[in-house]
Amino acid sequence: MATRDPRWVFKDRPSFALIIGLVITGICALVSFSFDVLFNGAPVQFFIALMLALAPVPLLLAAVLALDRMEPEPRSNLIFAFAWGAGIAVLVAGVVNSLNLHYIIDTARLSEASARNIAATFGAPVVEETMKGLVLLGLLRFRRAELDGPTDGIIYASMVGLGFAMSENVSYYIAALSGSGVKGLAVTVVLRGILSPLAHPLFSSMIGVGVAYAAQRGGGDRILPVLAGWSGAMILHGLWNGLASYGGFPGLVVAYLALLVVLVVLIGVVFRDRRRVVALIQRYLPPYEPTKLVTQADIYMLSTFTRRRQARQWARAHGGKRGLRAMRDYQLAATELGLLHERAARHVVDEQTFHEEQRALLECMSTARADFPARAAHAGSAARGGSPPGYAPG
């Protein structure tokens with residue numbers, strides 16, 4: 001009987017459900033963009049706005065994914081989170097926000113400008129954070145094992161926030177170009193695309209952190225972290241919109257300072273979570289030393305990004321692309337093994353699932369070690385479970 005490819009445990013293969021989900025989100029994005037063209041501007045203005053909205057996305061994605069190097073999340077999940085924000089979340093939020101605006105104008109008999117400020121401050125945060133947060137709730141419900149800590153919650157929340165901001169910026173840029181010309185467009189691009197590109201990811205990260213903490217708990221204990229994160233996202237979003245709408249330039253300064261504080265705090269959360277993951281590696285991997293799949297040099301190498309990078313450089317220098325891939329697989333599998341033990345300790349996975357994934361990860365580590373580049377002079381050391389010079393310097 002053919003054995004199952006042990007790399008299945010990395011969970012990075014697109015499923016049929018993912019493909020259907022991407023099709024739906026793509027259709028929603030096209031519908032949203034169609035509304036922009038029909039109601040706000042001409043096709044030429046739309047393409048100008050689209051190019052300006054897309055321009056910073058690669059850099060922003062790189063910045064977010066740089067936080068996800070120790071235990072990278074499955075690309076399929078990340079792609080879906082981004083697509084949800086850029087398609088379904090933007091479309092539904094846009095329709096609901098428009099209905100809220102017209103309701104306020106008709107009910108309160110206010111000018112359109114006053115109604116927009118009220119809707120932006122009190123209505124939009126609830127609607128938009130709810131739509132972005134739904135994909136995070138989906139992860140909690142169907143992919144709980146992928147939420148190993150607050151870093152994962154921040155990564156997924158940032159992806160959905162970046163997708164949402166990209167599509168929303170298209171609408172803002174078209175409106176600015178149609179209403180105020182090139183000068184208005186330039187001001188809007190500076191404010192939204194340069195000075196506050198991480199606003200939506202930061203808002204949603206409040207929910208992401210709450211959902212991640214909820215994933216580590218069971219039963220009714222999950223509700224409070226989720227509600228706290230959701231409330232934090234809506235309050236921060238409402239504060240940002242309110243200060244921008246009513247505070248003038250001083251309000252914008254305060255709003256940017258608030259975002260800066262949140263960004264610093266979240267970076268601190270990520271670094272603290274990295275130390276937690278390192279502690280898991282140092283706690284759970286030493287018992288595997290008798291298997292010769294883990295040595296003290298491996299644990300030392302896995303404990304910092306610098307030494308991980310040095311090991312990959314060593315593998316590439318002596319083994320080319322095959323050696324580099326082997327080192328990457330080994331590092332990922334070893335990290336996942338430590339996290340798997342933590343999931344088992346928190347009863348996120350049952351005993352059968354634990355043993356299946358444990359066996360697959362150990363097979364991945366064994367296959368990867370077999371492809372490590374080894375010079376003849378160091379073959380004896382490698383056979384005894386040792387590490388060659390340069391593998392884990394220090």
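- As annotated in an unreviewed UniProt entry, the chain is PrsW family intramembrane metalloprotease from Nonomuraea mesophila.

1. Things to note about empty space enclosed by the protein
Then, in step 1: Applying the stated criterion to the full structure yields three cavities of 30 Å³ or more.
Then, in step 2: Estimated volume of the largest cavity: approximately 140 Å³.
Then, in step 3: In this structure, the largest cavity is lined by 15 residues; those nearest its centre are Met70, Glu71, Thr151, Asp273 and Val277.
Then, in step 4: When contributions to the lining of the largest cavity are tallied by element, the ones reaching two or more residues are α6 (150-194) and α9 (248-284).
Then, in step 5: The dominant element in the lining of the largest cavity, judged by the number of residues it contributes, is α9, at five residues.
Then, in step 6: Of the residues belonging to the lining of the largest cavity, the class tally is five nonpolar, two polar and eight charged.
Then, in step 7: The computed volume of the second largest cavity comes to approximately 90 Å³.
Then, in step 8: Around the second largest cavity sit Ala53, Pro56, Val57, Leu60, Leu61, Leu162, Ala165, Met166, Asn169, Arg192, Gly193 and Pro197, which together line it.
Then, in step 9: For the lining of the second largest cavity, the secondary-structure elements that each account for two or more residues are α3 (57-65) and α6.
Then, in step 10: The element contributing the most residues to the lining of the second largest cavity is α6, with six residues.
Then, in step 11: Across the lining of the second largest cavity, the residue classes break down as nine nonpolar, two polar and one charged.

2. Things to note about the nonpolar core
Then, in step 1: Trp84, Leu136, Leu140, Leu147, Tyr156, Val170 and Val211 are the most contacted members of the largest nonpolar core, which totals 48 residues.
Then, in step 2: Every element with two or more residues in this core is listed here: α1 (16-39), α2 (43-54), α3, α4 (75-108), α5 (112-142), α6, α7 (199-215) and α8 (223-246).
Then, in step 3: Considering each element in turn, this core owes the most residues, 14 residues, to α6.
Then, in step 4: Counting 34 residues, the second-largest nonpolar core is a separate cluster that includes Val278, Leu293, Phe305 and Ala326.

3. What to know about α3
Then, in step 1: Taken as a whole, α3 has its buried residues at Val57, Leu60 and Val64. Down the axis, α3 shows its buried residues gathered within 65 degrees of arc, on one side only. For α3, the exposed residues lying more than 90 degrees away from the buried face are Pro58 and Leu59.

4. A few points about the packing of aromatic side chains
Then, in step 1: All told, the structure shown has five aromatic pairs when counted by the stated rule.
Then, in step 2: Measuring from centroid to centroid gives 5.0 Å for Trp240 and Tyr256, while their planes differ by 90 degrees, and the two rings are edge-to-face. A residue pair is termed long-range when its members are at least 10 positions apart, and Trp240 in helix α8 and Tyr256 in helix α9 qualify at 16 residues.
Then, in step 3: Trp240 sits in the buried class, given a relative accessible area of 12%.
Then, in step 4: Through a chain of ring-to-ring contacts, the aromatic side chains of Phe33, Phe46 and Phe47 assemble into a single cluster.

5. A short note on the environment of Thr295
Then, in step 1: Its place among the elements puts Thr295 in the loop between α9 and α10 (296-302).
Then, in step 2: For the pair formed by Thr295 and Leu285, sequence separation is 10 residues and the distance between their alpha carbons is 8.7 Å.

6. What about the packing of α6 against α9?
Then, in step 1: Running from N to C, α6 and α9 cross one another at 155 degrees; their axes reach a closest spacing of 13 Å. By the criterion of interaxial angle, the relationship of α6 to α9 is roughly antiparallel. Relative to α9, the crossing made by α6 is left-handed. Residue-level inspection shows Pro150, Thr151, Ile154 and Leu191 of α6 in contact with α9, the latter providing Tyr256, Leu266, Val269, Val270 and Asp273.
Then, in step 2: In the contact of α6 with α9, the residues fall into seven nonpolar, one polar and one charged.

7. Focus: the side chain of Thr335
Then, in step 1: Note that Thr335 resides in helix α11 (residues 305-345).
Then, in step 2: Take Thr335: its relative accessible area is 0%, and that puts it in the buried class.
Then, in step 3: Not counting residues up to four positions away in its chain, the partners in contact with Thr335 are Met70, Glu71, Val277, Ile281 and Arg308.

8. Comments concerning a nonpolar patch on the surface
Then, in step 1: On the surface, a nonpolar cluster with roughly 870 Å² of combined accessible area is contributed by Ile19, Val23, Ile27, Val31, Phe35, Leu38, Phe39, Val95 and Leu99.
Then, in step 2: Mapped by element, the contributors of at least two residues to the nonpolar patch are α1 and α4.
Then, in step 3: Among the elements that make up the nonpolar patch, the one with the highest residue count is α1 (seven residues).
Then, in step 4: Inspection of the secondary structure assignment puts Val95 in helix α4.
Then, in step 5: Residue classification places Val95 among the partly exposed residues on the basis of a relative accessible area of 39%.

Parameters and conventions
- Residues numbered from 1 in each chain as written.
- Predicted model: local features only at pLDDT ≥ 70, side-chain atom pairs only at ≥ 80, totals over all residues.
- Heavy atoms only, no water.
- 1 Å grid on protein atoms, 1.4 Å probe; cavity = no way out; pocket = protein on both sides within 12 Å on 5 of 7 lines; lining within 4 Å.
- Points joined across faces, edges and corners; volume = space filled by probe spheres on them.
- Helix = DSSP H or I, 4+ residues; strand = E, 2+ residues; numbered from the N terminus.
- Nonpolar A, V, L, I, M, F, W, Y, C, P; charged D, E, K, R; others polar.
- Core = buried A, V, L, I, M, F, W, Y, C linked by side-chain atoms within 4.5 Å.
- Buried < 20%, exposed > 50% of the residue type's maximum accessible area, 1.4 Å probe, protein only.
- Arc of directions from axis to C-beta.
- Phe/Tyr/Trp six-rings, centres within 6.5 Å; stacked < 30°, edge-to-face > 60°.
- Axes fitted to C-alpha atoms, helices over the stretch in contact; angles between N-to-C directions.
- Parallel < 35°, antiparallel > 145°, perpendicular 65-115°, else oblique.
- Left-handed = near helix turned anticlockwise from the far one by under 90°.
- Contact = heavy atoms within 4.5 Å.
- Patch = residues over 30% accessible without salt bridge, like charges linked within 9 Å, V, L, I, M, F, W, Y side chains within 5 Å.
- Areas by Shrake-Rupley, 256 points an atom, 1.4 Å probe, with all protein chains shown as cover.
- Salt bridge = Lys/Arg side-chain N within 4 Å of Asp/Glu carboxyl O.

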